[in-house]
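Now for the letters of each chain:
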Amino acid sequence: MTRRLPPLVALRAFEAVARLGSVRRAAEELGVDHAAVARHVRNLEARLGVRLMESGPRGSTPTPEGRRLQEETARAFDLIGDAVAGLRPSPREELRVWCVPGLAVRWLMPRLAALEALLPEHDIVLRPTDQAPDLTRGEADVEIRFGPRPAQGVRAEDLASPRFFPVASPAFLAARPKVESLAALSRLPLVHEDTREQWRRWLAAAGLDPVPPLEGPRLWYANVAIEAVLLDQGVALVNRLQVAREVDEGRLVELLATDVRIGAYVFQADAGRWGEPPLVRLRRWLRQEMAAATGADRAPEVVT
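Residues numbered from 1 in each chain as written. Predicted model: local features only at pLDDT ≥ 70, side-chain atom pairs only at ≥ 80, totals over all residues. Heavy atoms only, no water.

### Some remarks on the sheet that holds strand β7 (residues 165-168)
As summarised here, the arrangement of the 3 strands in space is β8-β7-β9, forming an open sheet in which the pairing is antiparallel. If you trace the sheet from one side to the other, it starts and ends with β8 (236-238) and β9 (253-254), each paired once. The pairing of β7 with β9 spans 2 bridges and is antiparallel. Residue Val167 lies in a different strand from β9, and its bridge partner there is Glu254. Here helix α11 (residues 240-248) sits on the sheet and contacts β7 and β8; the angle it forms with β7, its principal contact strand, is near 40 degrees. (Pairing = 2+ DSSP bridges. Helix = DSSP H or I, 4+ residues; strand = E, 2+ residues; numbered from the N terminus. Contact = heavy atoms within 4.5 Å. Axes fitted to C-alpha atoms, helices over the stretch in contact; angles between N-to-C directions.)

This is how it looks when you write it as structure tokens:
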């Protein structure tokens, strides 16, 4: 059956004017000149033989016939919009995760496939960085860092407190006497991250008193420090989330027997979004995966 319809462009112009009460606002919404909108409305009235709009000092007001047509036309446009939207693939939302570089590069990146399977409706955007995103303004959805970064409107939860231990390459150790004490360890070339504070804290927690002045290069990021150790450059502090494969394969060797935990990896997000299902699933998955990777990681005895 052939439908004898007025031009859709005229119906769109009329519906917008009747809904917004202004030719100018209708033109802005439709992205056309207001004179063209007024002309479409006049042509529609002429075609139907019915007065649809009344103009006055407060703008354009639909007549009773115009109001009825506007309501029915709006419903028709909604149906068309829904039909078109149903043909398009649903847009995937981004989930932006900012993560400290060592954990991001060495632990989270190898698990990206599992993470994508966990959140199939999202595109995962992983940014390895030590910078702090403004979570309350939506700069990132999640921050994973080592140690909390208190901020108003942000909620935090510990994910794991892994054991930290010193490692070196077999070639590095083969050229030196066996390390049998914390004092001897402190005299080796130590590889640091951005400061020497982590090594100072670890040595003190392990029982060295006093901790002497420490030397060695500062390489800023944990993953860079680990690469330096793999290249026989010294000794670094690590945890199994960072180097499980290298230790298990013998490419890195743990020194001494210690059980020292100097902090936790922390999940942070905007407090108002804390209960959103994707964030809840991600938080639980991270806790479970980290627990599986570190749960049995304990040295047989503690050096004192």
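Having put the structure on the table, let's press on.
### A short note on the pattern of salt bridges
Per the stated rule, a full pass over the model turns up 22 salt bridges. Between Glu254 and Arg163 there is a salt bridge; the shortest N-O distance is 2.7 Å. With Glu254 in strand β9 and Arg163 in the loop between β6 (154-160) and β7, the pair connects residues that are 91 residues apart, well separated along the chain. The exposure class assigned to Glu254 is partly exposed, which follows from its relative accessible area of 28%. Take Arg163: its relative accessible area is 3%, and that puts it in the buried class. Arg240 is the salt-bridge partner of Asp248, the closest N and O atoms lying 3.1 Å from each other. (Salt bridge = Lys/Arg side-chain N within 4 Å of Asp/Glu carboxyl O. Buried < 20%, exposed > 50% of the residue type's maximum accessible area, 1.4 Å probe, protein only.)

### A closer look at the side chain of Glu15
Following the sequence through the fold, Glu15 ends up in helix α1 (residues 8-20). Relative accessible area serves as the criterion here: at 7%, Glu15 is assigned to the buried category. A polar atom in the side chain of Glu15 sits 3.1 Å from the side chain of Gln70. What Glu15 contacts, discounting residues up to four positions off in sequence, is Gln70, Thr73, Ala74 and Phe77. (Polar contact = N/O pair within 3.5 Å; in protein donor to acceptor, adjacent residues only side chain to side chain.)

### What to know about the sheet that holds strand β5 (residues 142-146)
Strands pair in a sheet through their backbones, by hydrogen bonds, and they do so in one of two ways: parallel or antiparallel. Read from one edge of the open sheet, 5 strands run β4-β3-β5-β10-β6, paired in mixed fashion. Across the chains shown, the open sheet's two edge strands, defined by having one partner strand only, are β4 (122-128) and β6. Strand-to-strand twist in this sheet, taken as the mean axis angle between neighbours without regard to direction, amounts to 20 degrees. Of the pairings in the sheet, the one linking strand β3 (residues 93-99) to β4 comprises 7 bridges and is parallel in character. Of the residues in β4, the one forming a bridge with Trp98 is Arg127. Contacts from helix α12 (residues 277-294) reach β3, β4, β5, β6 and β10 (265-270) within the one sheet, and its direction differs from that of β6 by about 25 degrees.

### Digging into the packing of aromatic side chains
All chains considered together, the criterion is met by 6 aromatic pairs. Considering the side-chain rings of Phe146 and Tyr265, the 5.2 Å spacing of their centres and the 75 degrees angle between planes classify their relative orientation as edge-to-face. Note that Phe146 is positioned in strand β5 and Tyr265 in strand β10, a separation of 119 residues in sequence. Under the relative-accessibility criterion, Tyr265 is labelled buried at 3%. (Phe/Tyr/Trp six-rings, centres within 6.5 Å; stacked < 30°, edge-to-face > 60°.)

### What to know about the pairing of β5
Of all 5 residues in β5, 4 are buried; the element is thus mostly enclosed. In this sheet, β5 lies alongside β3 in parallel orientation, the contact comprising 3 bridges. When the bridges of β5 are listed, Cys99 appears paired with Ile144. Where β5 meets β10, 4 bridges bridge the pair, whose relative direction is antiparallel. Bridging from a neighbouring strand, Ile144 pairs with Phe267 of β10.

### Looking at the nonpolar core
Counting 25 residues, the largest nonpolar core has Leu103, Leu108, Ile144, Phe267, Leu282, Leu286 and Met290 as the members making the most contacts within it. When residues of this core are traced back to their parent elements, those giving at least two are β3, α5 (101-108), β5, β6, β10 and α12. No other element matches the 5 residues that α12 contributes to this core. Other than its neighbours up to four places away in sequence, Phe267 contacts Val142, Glu143, Arg155, Ala156, Glu157, Leu159, Trp274, Leu279, Leu282, Arg283 and Leu286. Counting 20 residues, the second-largest nonpolar core is a separate cluster that includes Phe164, Phe172, Leu256 and Ile262. (Core = buried A, V, L, I, M, F, W, Y, C linked by side-chain atoms within 4.5 Å.)

### A closer look at the layout of surface pockets
A probe matching the size of a water molecule, rolled over the atoms, marks out where space remains unfilled. The space that makes up the largest pocket amounts to roughly 480 Å³. Asp130, Phe146, Glu193, Asp194 and Gln198 are the residues nearest the centre of the largest pocket, which is lined by 21 residues in total. Elements represented by at least two residues in the lining of the largest pocket include exactly α5, β5 and α9 (197-206). Class assignment of the residues belonging to the lining of the largest pocket gives a composition of 10 nonpolar, 4 polar and 7 charged. (1 Å grid on protein atoms, 1.4 Å probe; cavity = no way out; pocket = protein on both sides within 12 Å on 5 of 7 lines; lining within 4 Å. Points joined across faces, edges and corners; volume = space filled by probe spheres on them. Nonpolar A, V, L, I, M, F, W, Y, C, P; charged D, E, K, R; others polar.)

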